[in-house]
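# Topology and contacts: notes
Take a look at the letters that make up each chain.
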2 protein chains.
Amino acid sequence: MNNIPSVFWLVPVASLVSLGMALYFYLQMKKAEEGTPRMQEIAEHVRKGAMAYLKQQYKVVTIVFVVLAIIFSIMAYGFQLQNPWVPFAFLTGGLFSGLAGFFGMKTATHASARTANAARQSLDAGLKVAFRSGAVMGLTVVGLGLLDIAIWFVILNAAGVESLITITTTMLTFGMGASTQALFARVGGGIYTKAADVGADIVGKVEADIPEDDPRNPATIADNVGDNVGDVAGMGADLYESYCGSILSTAALGATAYAFCPETQLKYVIAPMIIAAVGIFLSLIGIYLVRTKEGATMKELLHSLGLGTNVSAGLIAVATFAILYLLGIENWLYISFSVIVGLLAGVIIGQATEYYTSHSYKPTQEISAASQTGAATVIIKGVGTGMISTMIPVVTISVAIMLSYLCANGFTMDVNAEALSKGLYGVGIAAVGMLSTLGITLATDAYGPIADNAGGNAEMSELGEEVRKRTDALDALGNTTAATGKGFAIGSAALTALALLASYIEEIKEAVARLANEGDAHMAEVLTKIQDIPAFMDYFQVNLMNPKVIVGVFIGAMAAFLFSGITMGAVGRAAEDMVKEVRRQFREIAGILEGKATPDYGRCVEISTRSAQREMIFPSLLAIIIPIVVGLILGVAGVLGLLVGGLAGGFTLAIFMSNAGGAWDNAKKMVEEGNFGGKGSECHKATVVGDTVGDPFKDTSGPSLNILIKLMSMVSIVMAGLTVAFI
Amino acid sequence: MNNIPSVFWLVPVASLVSLGMALYFYLQMKKAEEGTPRMQEIAEHVRKGAMAYLKQQYKVVTIVFVVLAIIFSIMAYGFQLQNPWVPFAFLTGGLFSGLAGFFGMKTATHASARTANAARQSLDAGLKVAFRSGAVMGLTVVGLGLLDIAIWFVILNAAGVESLITITTTMLTFGMGASTQALFARVGGGIYTKAADVGADIVGKVEADIPEDDPRNPATIADNVGDNVGDVAGMGADLYESYCGSILSTAALGATAYAFCPETQLKYVIAPMIIAAVGIFLSLIGIYLVRTKEGATMKELLHSLGLGTNVSAGLIAVATFAILYLLGIENWLYISFSVIVGLLAGVIIGQATEYYTSHSYKPTQEISAASQTGAATVIIKGVGTGMISTMIPVVTISVAIMLSYLCANGFTMDVNAEALSKGLYGVGIAAVGMLSTLGITLATDAYGPIADNAGGNAEMSELGEEVRKRTDALDALGNTTAATGKGFAIGSAALTALALLASYIEEIKEAVARLANEGDAHMAEVLTKIQDIPAFMDYFQVNLMNPKVIVGVFIGAMAAFLFSGITMGAVGRAAEDMVKEVRRQFREIAGILEGKATPDYGRCVEISTRSAQREMIFPSLLAIIIPIVVGLILGVAGVLGLLVGGLAGGFTLAIFMSNAGGAWDNAKKMVEEGNFGGKGSECHKATVVGDTVGDPFKDTSGPSLNILIKLMSMVSIVMAGLTVAFI
């Protein structure tokens, strides 16, 4: 058993503190009043719809998990193609990721009416309820993440697993559980929310000319439920996966890079965990800094939120030097620079996202202006802007990869065996740096949908212009802060996926070693030839002229498009069902448009639920099947090609889709603020078309791609044994 | 001097026959009547506009060519970073590519009124004029292509260049000239035509509710000019480049793979040229088979065109075995299979394109049906369909790469030095197979815009319902046959780009050898370490874990998005200018909508010309600059990453954009045929939005990506010397 150093216990402590604070904020929020009976009734509707959906979702996902766990068990126990811990690690990853989504959603559905009610008093009161509720989500995600990591690290050590390489790669398989859960949550939730949103917008805003969240619209409850199941539960599961993935892949890289000396190795393995643990405390400081005085302006609100995240980020940058120094890490100074590179890259991508999607800047303003020549030019401009907006993030990530690699290698760009291991550790820990303050960045992210729902509640409860204005201000604020959050999420996904490539190589080696240990002479010979990364690359001919590699890259890029195409199609189909239902209700239920009859909200909730469940299975399974098939046909070289192609293609496509969607959303908001004719004008209708198209771009397909990239890597890692069996 | 075998002279003969037949068809077409004075007047307008544009375009392009030629001369003569033939080869490539576009356009602008006039007699007469005129284009492109190849092959041999490797890689540089010309033609022409088309549609169809090509629309002449400069001149330059690129890269691969025996080597070098030469004769047979009886139905027309292309393709498949056998190529049987793999892949991609874009099939029908829920769902469905449609082409190309590699290697999948060279030759010759019948496939492709323009002429000359119906039938036919043509173009681009990777490696070796010859000791040492592909890959560490390679792949994928985003944005901007102008004319010129006043067509032509010229520079230069910068910063490993990333990302993006655009176009046509309310209904308006968005997708950004992919490779090859200087 490895001698777990006492500093490691900071990890479970931070985890418990995080969960404790989440509970405290939750109870505080619950103490607040939920408002008028009408408000409570609507909140109850949304809550019930959301819980019903989540129950249904978890049922389906449980079946998938059970089937996969059985397959893994057969592989592990029947054929020794995996180590025996894999099925269990996989299941806990899925469970914890699901819990993160569940708690987040429970909080959000309780918080929205309370936020609306608090907004009746003041903007400040509204902000506090919404933001603290968002913090519940942020702290739950990081708390559960570190808890799962700490528990497994202790268990595997206590069980007498000697090799830190085995321990860390085993722990990675709970990353696969988390990714699988996250993908289902993002895809299912994304389809649900956008089917409802698109359906509600098309019939409500464009055809019947009634405002957003109007209680006369039958799809409005489904729309609000959707914000919770898509943006909250989906995002929670997603970022749980990102958080754990970055820490675990970095730990695995540390184990490999410093395998020559067990003591040093252990330090590098726990370093990312400690940085994450300290990040939790610093996030808490940031959360407490977010407060406004009465009657604060929008700018002051933004400043207040920004202060919290920036202080946390600044503190972790400084703390990293201390942590790595105190841990006794030899090249602590260089590695710290890698962490800072990651933090900076996250900030730059966030800023770029804001530039391309906020209507304070030219690109979105131009999309808005294009509405004067109709919907078609709005779409053309938006697509163009989205595509151009891929440049800064890709260049930033490219520079971040080079710099974090460079720093971790003592400022040399060597690519020999040792340099590769050390350099990749630098890339991994840059991702950890980006996500270390997730406690607060996720709080500012999750706060958005809560404010959005509060607005919905205010509208449906007819609380009046003033309150709606306040919730709108909170919502707009959420859109801006979400941009930064997205930068961190997308950026870290790319860096983590890169680190996972190295883990794949390690896992292939582990699998070969297992078979060699059982007396397979061929594998024993192979093992001698793949000891370090260059040798491995040479043996499997993972070079760019190998047709298998090139075909892998092709399939990887295509997989991203195919996956997005299927999810876009799913939203299209589901939205059409919704539109037909809303039109039917407008037609058949007399007096509905005059507000004299209550629409059948339940029917719309049902349609969204059924569509989402039906449509989420195929694309999610595709993400699991593609890497397995490529592994069987094209072998190790093909899989690495697939992962690199999927990473580059998926990352670029994800940014294109997210930013185009965000820009269309805000271009519409700009018109609604009174530009180009304002609400109800032809220009408004043109931008609503853009916004509607952008909905699945930014909330279904785009964010799912982040998970797709990592899930494909995780599947390849877990299935490495199967690929090896066919070498 | 190499002993040029007598069979080689088939190449210039085929070239001259091709050009002779093109002239014959051209003169035949010119003999036909151009119709009423009104028809002649309109044709003259279009002709003048098109020629004025082309003159302007060639002026700008000439400047770019002169600057690049000077740079190349300095590199070649000042620093020995290139061989002395490069600047001249580059210039001739550009010149011939430009000529191909020019002759094609000259023919098309003379043919459209004549086609409309012939359609006044019968459908058959119209088809004959249009198709024979398309054949002028097809035969000119292949004739000029082989002429350039033959001339340079003779010159370089006559000049005493001994090494076939040097000869073939030098000839590749005229590929760069052709690519550069083609990119400008596609981008400039694409922006021109779509600015006019989008502008005309938005104001004409959607706002003023007047039909397409209505003479009351001020943008209508510009729209018709656009069809010529974009679809004809652009396509001509584009396919000239594809045709030469595939032949030359395969020849270069043959020179490398069989360098051990000069006699064998020569056979492999001229094999692709001979296949192409024979393909010309077989294309001519196909062209003569296209004839219909009086009163033929649409199906019979399609059958007739299909018969021509299929017979040509079938004959070349058979002929290939004979050619390679008679050439005395040792593994003629295997290599012939590679050619057939290429042909089949082209057919499959074409069929898939038709399935996803024709309204005879479900995907496009569903997009059409989505119009019932508005423009937004039309766009969502179209984007989804386009993305899903990437699957079959990517899988087909992947299988084609593997199979053609496999066949050329005697059915083994080895990736050692010898196998790689031979296998890649197989991939290259598969592309040659795809394009060998370009004479006829391009004829069916170029026929489309001619028919389209004939329709425009008929509408503007008010020739009546019957004639317009016939030209519409011809146009619809063109859309279907164009799908097959696109399959060949896109598929061959991917295979050629792959072959160019190998040429890049060869050129780097040549550059190193040049410097070593001049006494550079370091280069002499490097040269010994990069003798074959695996050694080269090893020395420059072109494996997938090298961060430089990964960053290269990222940048490559991003470059495709960035390029498309810029061209989309350019169309958006140019279209807005056009819309404003058309609206101004409707507002300010009294009686224009009643047909009492003539619109100011010239002003719209001018706007398109100016916008296209202004907007084409930046994206085109980008394609040249990116690979140079990546080469200087990331070296050989980064460039290869860039090219593979650009290839995979660009290929997938190109298919997505082309197919989504095609599907939207036909979804609109389906509504216009009377479905979902027919012309003028809300559904029609929704599909017009889709069609308008699809215009730049399918005619500007999508097809330009094919060239971008290859131009980036060509630039890397030509600039190899510069990269090497910094090793």
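Please refer to the structure higher up on the page.
An account of the accompanying structure is given in this report.

This paragraph deals with the overall build of chain A. Assigned secondary structure in chain A consists of 21 helices and 0 strands. Taken over the C-alpha trace, chain A has a radius of gyration of 25 Å; the compact-globule value for 727 residues is 27 Å, and the two agree within 12%. C-alpha extents for chain A along the principal axes are approximately 80 × 50 × 45 Å. Within chain A, the fraction of its 727 residues that count as buried is 70%. Counting only contacts in chain A whose residues sit at least 6 apart along the sequence, the fraction spanning at least 24 positions is 82%. Total accessible area computed for chain A in this model is approximately 21200 Å², and 62% of it derives from carbon and sulfur atoms. In chain A, 46 side chains carry a positive charge and 58 a negative one; their mean positions are 4 Å apart.

As a further point, take the relation of the copies chain A and chain B. Both copies of the chain are tied together by a single rotation about an axis and a shift running along it. Mapping chain A onto chain B leaves a residual RMSD of 0.0 Å; the transformation is a rotation of 180 degrees accompanied by 0.0 Å of translation along its axis. The relationship between the two copies is best expressed as a two-fold rotation axis. Residues of chain A ranked by C-alpha distance from the rotation axis are headed by asparagine 543 of chain A, positioned 2.2 Å from it. In this assembly, 100% of the residues forming the interface of chain A have copies in chain B that are likewise at the interface, indicating an isologous arrangement.

Here the focus is the interface of chain A and chain B. Contacts between the two partners involve 80 residues from chain A, matched on the other side by 80 residues from chain B. At the boundary of chain A with chain B, total buried surface from both sides reaches about 6900 Å², with 84% on carbon and sulfur atoms. Linking chain A with chain B are 2 salt bridges, by the criterion used here. Between lysine 381 of chain B and glutamate 576 of chain A there is a salt bridge, and its shortest N-O distance comes to 4.0 Å. For the pair chain A and chain B, the interface holds 6 residue pairs in polar contact (both at pLDDT 80 or more).

Counting residues in hydrophobic clusters, the biggest one holds 536 residues, and the most contacted among them are Phe153 of chain A together with Phe153 of chain B. Broken down by element, the residue count for this core peaks at 32 residues, all from helix H19 (residues 601–672) of chain A. Those residues within four positions of phenylalanine 153 of chain B in sequence are excluded, and the remaining contacts are Ile4, Phe8, Leu164, Ile167, Met171, Leu266, Val269, Ile270 and Met273 of chain B.

Residue and element names in this part refer to chain B. For helix H19 (residues 601–672), spanning 72 residues, the distance from its first C-alpha to its last is only 26 Å, which falls clearly below the expected 106 Å at 1.5 Å a residue. Taking the largest bend as the criterion, H19 deviates by roughly 135 degrees, centred on leucine 634. Most of H19 is tucked away, with 58 of its 72 residues classed as buried. Immediately downstream of H19, the backbone of glycine 674 shows phi near 110 degrees, a positive value.

A complete count under the given rule lists 61 salt bridges over all chains for this structure. Between glutamate 507 of chain A and arginine 514 of chain A there is a salt bridge; the shortest N-O distance is 3.8 Å. Each member of the pair, glutamate 507 of chain A together with arginine 514 of chain A, is buried. The salt bridge partner of glutamate 34 of chain B is arginine 114 of chain B, with a shortest N-O separation of 3.9 Å. Here arginine 114 of chain B lies in helix H3 (residues 86–121) and glutamate 34 of chain B lies in the loop between helix H1 (10–31) and helix H2 (37–78), a separation of 80 residues in the sequence. Taken together, the shared-partner salt bridges connect Lys194, Asp197, Asp665, Lys669, Asp695, Lys698 and Asp699 of chain A into one network.

Residues and elements named next belong to chain B. By the element assignment, threonine 193 lies in helix H5 (residues 164–208). Judged by relative accessible area, threonine 193 falls into the buried class, the value being 0%. Residues in contact with threonine 193, not counting those within four places in the same chain, are Asp223, Gly226, Asp227 and Gly230.

So, on to helix H7 (residues 262–289) of chain B. Residue and element names in this part refer to chain B. Between the first and last C-alpha of H7 there are 41 Å, a value that for 28 residues agrees with the 40 Å anticipated at 1.5 Å per step. Of all the bends found along H7, the most pronounced is centred on alanine 271 and spans about 35 degrees, while proline 272, a proline, follows it within four residues. Across the 28 residues that make up H7, a large majority, 20, are buried.

You can see leucine 640 of chain A is positioned in helix H19. On the basis of relative accessibility, which here comes to 0%, the residue leucine 640 of chain A falls in the buried class. C-alpha separation for the pair leucine 640 of chain A and glycine 556 of chain A, spaced 84 residues apart in sequence, amounts to 9.6 Å. Leucine 640 of chain A has contacts with Leu501, Tyr504, Ile505, Phe536, Met537 and Val542 of chain A together with Leu544 of chain B, leaving out every residue within four places of it along the chain.

Rules used in this analysis
- Residues numbered from 1 in each chain as written.
- Chains lettered and ligands numbered in written order.
- Predicted model: local features only at pLDDT ≥ 70, side-chain atom pairs only at ≥ 80, totals over all residues.
- Heavy atoms only, no water.
- Helix = DSSP H or I, 4+ residues; strand = E, 2+ residues; numbered from the N terminus.
- Rg over C-alpha atoms; globule rule 2.2 N^0.38 Å.
- Buried < 20%, exposed > 50% of the residue type's maximum accessible area, 1.4 Å probe, protein only.
- Contact = heavy atoms within 4.5 Å.
- Areas by Shrake-Rupley, 256 points an atom, 1.4 Å probe, with all protein chains shown as cover.
- Lys, Arg positive; Asp, Glu negative; His and termini not counted.
- Charge placed at Lys NZ, Arg CZ, Asp CG, Glu CD.
- Least-squares fit on C-alpha atoms with pLDDT ≥ 70 in both.
- Buried area = accessible area lost by both parts, 1.4 Å probe.
- Salt bridge = Lys/Arg side-chain N within 4 Å of Asp/Glu carboxyl O.
- Polar contact = N/O pair within 3.5 Å; in protein donor to acceptor, adjacent residues only side chain to side chain.
- Core = buried A, V, L, I, M, F, W, Y, C linked by side-chain atoms within 4.5 Å.
- Expected span 1.5 Å × (residues − 1).
- Bend = angle between axes of the 7 residues up to and from the residue.

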